[in-house]
Amino acid sequence: MSSTQINLSDDLAAYVSGVAYRESDAQRGLREKTAPMSSSIMQISPEQGALMSILVQVMNARLCIEVGTFTGYSALTVASALPADGKIICCDVSDEWTSIGKPFWRQAGVADKIDLRIAPASETLDNLIADGLEGKVDFAFIDADKSGYDTYYEQLLTLLRPNGLIGIDNVLWGGSVIDPSDMSDDTVAIRALNEKIAADDRVEIAMVPIGDGLTLARKK
């Protein structure tokens, strides 16, 4: 047992990658297709994807929302964990990036579970609230523009059902959250949201140091 997080050496990280998760051919193919891109750091790790997949399954989730789809690995992962009648609504502004994932969604047989909305996420979420989805969403994932995180968090709390779960990515922001000299807009936004959620009695939280940090917030 340990009261602190273990530091992963390169060898230990390689070991974890060998035993920590299972990827489908479509997941692996999409990850490898994305890897050479200069922006590939925006893709979640397969370890994080495996965690999200298990959470979606144990919750018996049927309706999910993703804010920030990039090339679609997380959407593919969540959609693959959903039952046949499940759906994930994906909010993104880039046809170019999301088009990379579509062949892999089809390969995995989950394209019909993925409802991609190309528009500013705050507009899409407002429309979902207006369409009567308040209190009906099981699981949501935020991995988009950091300055918008607080807005998305509030909108998704409205959409989430009681005991529903929000996953918020990049909450450690490469360690910049504890650097007082970093007052960039993104860092300030993440730092402020972390402090807000820590004190938010509408949710129960667990910040998991996986990837670049993942906060899980359960709506009471």
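Our subject is the structure listed above.
Rules of the game
Per chain, residue numbering runs from 1 following the sequence as it is written. Where local features are concerned, this predicted model is filtered to residues with pLDDT of at least 70; where side-chain atom pairs are given and counted, the filter is 80 or more; whole-chain, interface and lining totals use all residues. Hydrogen atoms and water are omitted, and side-chain values are computed over all heavy atoms in the structure. Between any two strands, pairing holds if DSSP finds at least two bridges. Runs of H or I in DSSP of at least four residues are treated as helices and runs of E of at least two as strands, each being numbered from the N terminus. What counts as an axis is a line fitted to C-alpha atoms, over the stretch in contact for a helix, and the angles between N-to-C directions run from 0 to 180 degrees. When checking whether two residues touch, look at their non-hydrogen atoms; a contact exists if any pair is within 4.5 Å. Here the angle decides the label: under 35 degrees means roughly parallel, over 145 means roughly antiparallel, 65 to 115 means roughly perpendicular, and every other value means oblique. Left-handed describes a crossing in which the near helix is turned anticlockwise from the far one by less than a right angle; the clockwise case is right-handed. The residue classification treats Ala, Val, Leu, Ile, Met, Phe, Trp, Tyr, Cys and Pro as nonpolar and Asp, Glu, Lys and Arg as charged. All others, Gly included, are polar. For a helix, the expected span equals 1.5 Å multiplied by the residue count minus one. Working definition for bend: take the seven residues up to and ending at a residue and the seven starting at it, fit an axis to each, and measure the angle between the axes. Each residue is assigned to one of three classes by its accessible area relative to the maximum for its type, calculated with a 1.4 Å probe on protein chains only: buried under 20%, partly exposed between the two thresholds, exposed over 50%. Crossovers are described as right-handed under a simple rule: with the strands pointing away from the observer, the path leading from the first strand over the helix to the second runs clockwise. Definition of a polar contact: a pair of N or O atoms within 3.5 Å, with one able to donate and the other able to accept a hydrogen when the atoms are protein atoms, and with sequence-neighbouring residues admitted only if both atoms are side-chain atoms.

Participant: Even after reading the chapter, I still don't get the sheet that holds strand 7 (residues 214-219), so can you show me in this structure?
Facilitator: Two strands in a sheet stick together by hydrogen bonds in their backbones, pointing the same way (parallel) or opposite ways (antiparallel). Sheet architecture is open: seven strands sit in the order 3-2-1-4-5-7-6, paired in mixed fashion. Strands at the two margins of the open sheet, each flanked by one partner only, are strand 3 (114-118) and strand 6 (203-208). Neighbour to neighbour, the strand axes of the sheet diverge by 15 degrees on average, direction disregarded. The pairing of strand 6 with strand 7 spans six bridges and is antiparallel. For Ala-206, the partnering residue across the bridge sits in strand 7 and is Leu-216. This element, helix 8 (residues 185-198), spans strand 5 (160-169), strand 6 and strand 7 of the sheet and lies at about 130 degrees to strand 6.

Participant: Is there a simple way to explain the packing of helix 2 (residues 25-34) against helix 5 (residues 95-108) in this structure?
Facilitator: Helix packing for two helices is described by the angle between their axes and how far apart those axes are. Where helix 2 contacts helix 5, the two axes come as close as 9 Å, and the packing angle between them is 165 degrees. Relative to helix 5, the element helix 2 is oriented roughly antiparallel. The crossing of helix 2 and helix 5 is right-handed. Here helix 2 contributes Asp-25, Ala-26, Gly-29, Leu-30 and Lys-33 to the contact with helix 5, which in turn contributes Ile-100, Gly-101, Phe-104, Gln-107 and Ala-108.

Participant: Would you take a moment to explain the packing of helix 3 (residues 46-58) against helix 4 (residues 73-81) for this structure?
Facilitator: Contact geometry of helix 3 with helix 4 gives a least axis separation of 8 Å together with a crossing angle of 30 degrees. Classed by the angle they form, the pair helix 3 and helix 4 counts as roughly parallel. Judged by the sense of rotation from one axis to the other, the crossing of helix 3 with helix 4 is right-handed. Only Tyr-73, Ser-74, Thr-77, Val-78 and Ala-81 of helix 4 make contact with helix 3, whose side of the interface consists of Pro-46, Gly-49, Met-52, Ser-53, Val-56 and Gln-57. Here the residues of the contact of helix 3 with helix 4 are counted per class, giving six nonpolar, five polar and no charged.

Participant: I keep staring at helix 5 and nothing clicks. Help me out?
Facilitator: Helical geometry: 3.6 residues make up each α-helical turn, so side chains three or four residues apart lie on a common side. The terminal C-alpha atoms of helix 5 lie 20 Å apart, and with 14 residues this matches the ideal 20 Å at 1.5 Å per residue to within 8%. At Gly-101, helix 5 is deflected by roughly 25 degrees, the largest bend along its length, and proline Pro-103 occurs up to four residues later in sequence. Buried within helix 5 are the following residues: Thr-98, Gly-101, Phe-104 and Trp-105. Next to the buried residues of helix 5 lie helix 2, helix 4, strand 2 (87-92) and strand 3.

Participant: Any chance you could explain the pairing of strand 2 here in plain terms?
Facilitator: Within a regular strand, side chains alternate between the sheet's two faces. Of all the six residues making up strand 2, five are buried; the element is thus mostly covered by neighbouring parts of the structure. Pairing analysis gives five bridges linking strand 1 (residues 63-67) to strand 2, with the strands arranged parallel. Considered in strand 2, the bridge of Glu-66 is made with Cys-90. Note on the crossover from strand 1 through helix 4 to strand 2: the handedness is right-handed. Where strand 2 and strand 3 come together, five bridges link them in parallel fashion.

Participant: Even after reading the chapter, I still don't get the side chain of Asp-138, so can you show me in this structure?
Facilitator: As for its position among the elements, Asp-138 is in strand 4 (residues 137-142). A distance of 2.8 Å separates a polar side-chain atom of Asp-138 from the backbone nitrogen of Arg-62. When residues no more than four places from it in sequence are discounted, the contact partners of Asp-138 are Met-59, Ala-61, Arg-62, Leu-63, Leu-160, Arg-161, Gly-164 and Leu-165.

Participant: Explanation requested: the pairing of strand 5 in the structure shown.
Facilitator: When you tally the buried positions in strand 5, you get eight out of ten residues, the bulk of the element. Assessed by its sense of winding, the connection that carries the chain from strand 4 through helix 7 (residues 149-159) to strand 5 is right-handed. Both strand 5 and strand 7 contribute to a ladder of five bridges, which runs antiparallel. In the strand pairing of strand 7, Gly-167 is matched with Leu-216.

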